[in-house]
Amino acid sequence: MTVEEFKFIYLMEYIHRMWGRAIGGFFLVPAAYFWKKGYFCPKTKNSVLLLGTLIGLPGLMGWYMVKSGLENRFEDQNDVPRVSQYRLASHLAAAFVLYALSLSQAMSKLFPSEPFVVKAKKAFNIKGLSHMTKGMVFLTAISGAFVAGLDAGLVYNSLPKMGDSWIPDDMWQFKPIQRNITQNPTTVQFNHRIVGITTVSLATALWQANKLGNQRCVRHGVDTSYPGRYDTIELRASTFSDGSSVWLAGPSALRFSYHTRSGS
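The structure reproduced in this document is the subject of the present report. The structure displayed is predicted, hence computed values, not measured ones. (Residues numbered from 1 in each chain as written. Predicted model: local features only at pLDDT ≥ 70, side-chain atom pairs only at ≥ 80, totals over all residues. Heavy atoms only, no water.)

So, on to the overall build of the protein chain. The helix and strand inventory of the protein chain stands at 9 helices and 0 strands. Its helices and strands in sequence order give the protein chain the pattern α-α-α-α-α-α-α-α-α, from N to C terminus. Here the protein chain, with 264 residues, has 32% of them falling under the buried criterion. Partitioning the contacts of the protein chain with sequence separation of at least 6, the portion at a separation of at least 24 is 66%. (Helix = DSSP H or I, 4+ residues; strand = E, 2+ residues; numbered from the N terminus. Buried < 20%, exposed > 50% of the residue type's maximum accessible area, 1.4 Å probe, protein only. Contact = heavy atoms within 4.5 Å.)

Glancing now at unusual backbone geometry. That bond from L159 to P160 is cis: its omega, 0°, falls within 30 degrees of zero. Going from K175 to P176, the amide bond is cis rather than trans, its omega being -5°. As for its position among the elements, P176 is in the loop between α5 (127-149) and α6 (179-183). Look at D151: it is not a glycine, yet its phi comes out positive at around 55°. Taking relative accessible area as the criterion, D151 reaches 35% and is therefore assigned partly exposed.

In this section: the packing of aromatic side chains. Given two aromatic rings, their pairing is described by the distance between the two centres and the angle made by the two planes. Tallying each qualifying case throughout the model produces 7 aromatic pairs. Aromatic pair Y33 and F34: ring centres 5.5 Å apart, planes at 65°, arrangement edge-to-face. Judged by relative accessible area, which is 35%, F34 ranks as partly exposed. With centroids separated by 5.8 Å and ring planes inclined at 40°, the aromatic side chains of F34 and Y39 adopt a geometry described as tilted. (Phe/Tyr/Trp six-rings, centres within 6.5 Å; stacked < 30°, edge-to-face > 60°.)

So, on to the environment of I142. Relative to the assigned elements, I142 resides in helix α5. Taking the C-alpha atoms as reference, I142 lies 9.6 Å from Y86; in sequence the two are 56 residues apart. Setting aside residues no more than four positions away along its own chain, I142 makes contact with A89, L92 and A93.

A cluster of nonpolar side chains, namely M1, F6, F8, I9, Y10, L11, M12, Y14, I15 and M18, defines an oily patch on the protein surface of about 1000 Å² accessible area. The class of Y14 is partly exposed, set by a relative accessible area of 45%. (Patch = residues over 30% accessible without salt bridge, like charges linked within 9 Å, V, L, I, M, F, W, Y side chains within 5 Å. Areas by Shrake-Rupley, 256 points an atom, 1.4 Å probe, with all protein chains shown as cover. Salt bridge = Lys/Arg side-chain N within 4 Å of Asp/Glu carboxyl O.)

This part takes up helix α1 (residues 3-37). With 35 residues, α1 ought to run about 51 Å at 1.5 Å a step, and its terminal C-alpha atoms sit 51 Å apart, in line with that. Of the residues trailing α1, G38 is marked for its positive phi of about 80°. (Expected span 1.5 Å × (residues − 1).)

Below, the discussion takes up the nonpolar core. Listed in full, the 11 residues of the largest apolar core are M65, L88, A89, A93, I142, A145, F146, V147, L150, A152 and V188. Elements that contribute at least two residues to this core include exactly α3 (85-110) and α5. Residue contributions to this core peak at 4 residues, all from α5. (Core = buried A, V, L, I, M, F, W, Y, C linked by side-chain atoms within 4.5 Å.)

So, in structure tokens, the structure goes:
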């Protein structure tokens, strides 16, 4: 690694940390003020306490993740220091949980519950499919964290096949066999592809089901997010083909976050 490459990584990490601390400040300072003024009802106080506690969890997991990259376990000169993929996935999962709960609380304040329930009753025909799609979106994100943690995006850079095969020969080379799921870069990339394709398929089914008579606000939410799922697939395919370029992986993650928010 050159000095310039290190400077870039340091700058990205510094911005990431400052951004996270700013989020905490923008939440905690107003929350403390409104709490002191008595603007919160008991239910809102419970939500504020929960979110305030969860705000620190991604930061704690981030510190724990970075610590794994500084441990004395990279002794060979050819070893590449890296953080634990398990801690990286936990760090991302904590952020997603905080994001989802914050969004849920915000939506409950912006849209009165009683009128929304009346409208939502007509959308229950897609409720199960919607929850399944959200679960797969979350699973896709977490599997992506394992890809990043293992640099699994560098193993195969061809689509739709992985090399010359649909199913690579080195997927189950680790023993015991279950280690391959989270430690074999080939298996991790393969699983990420399958989970991503499944997510897009479910999103397409959700979009089709949504066209069959739901309320306008429900149709608008699904229709808005639908194109973003295919944009994300195109960006991720380009990322693999370009050797996991940071400049393509970044927009892919942003698009993924956008359609997670707007569609599910």
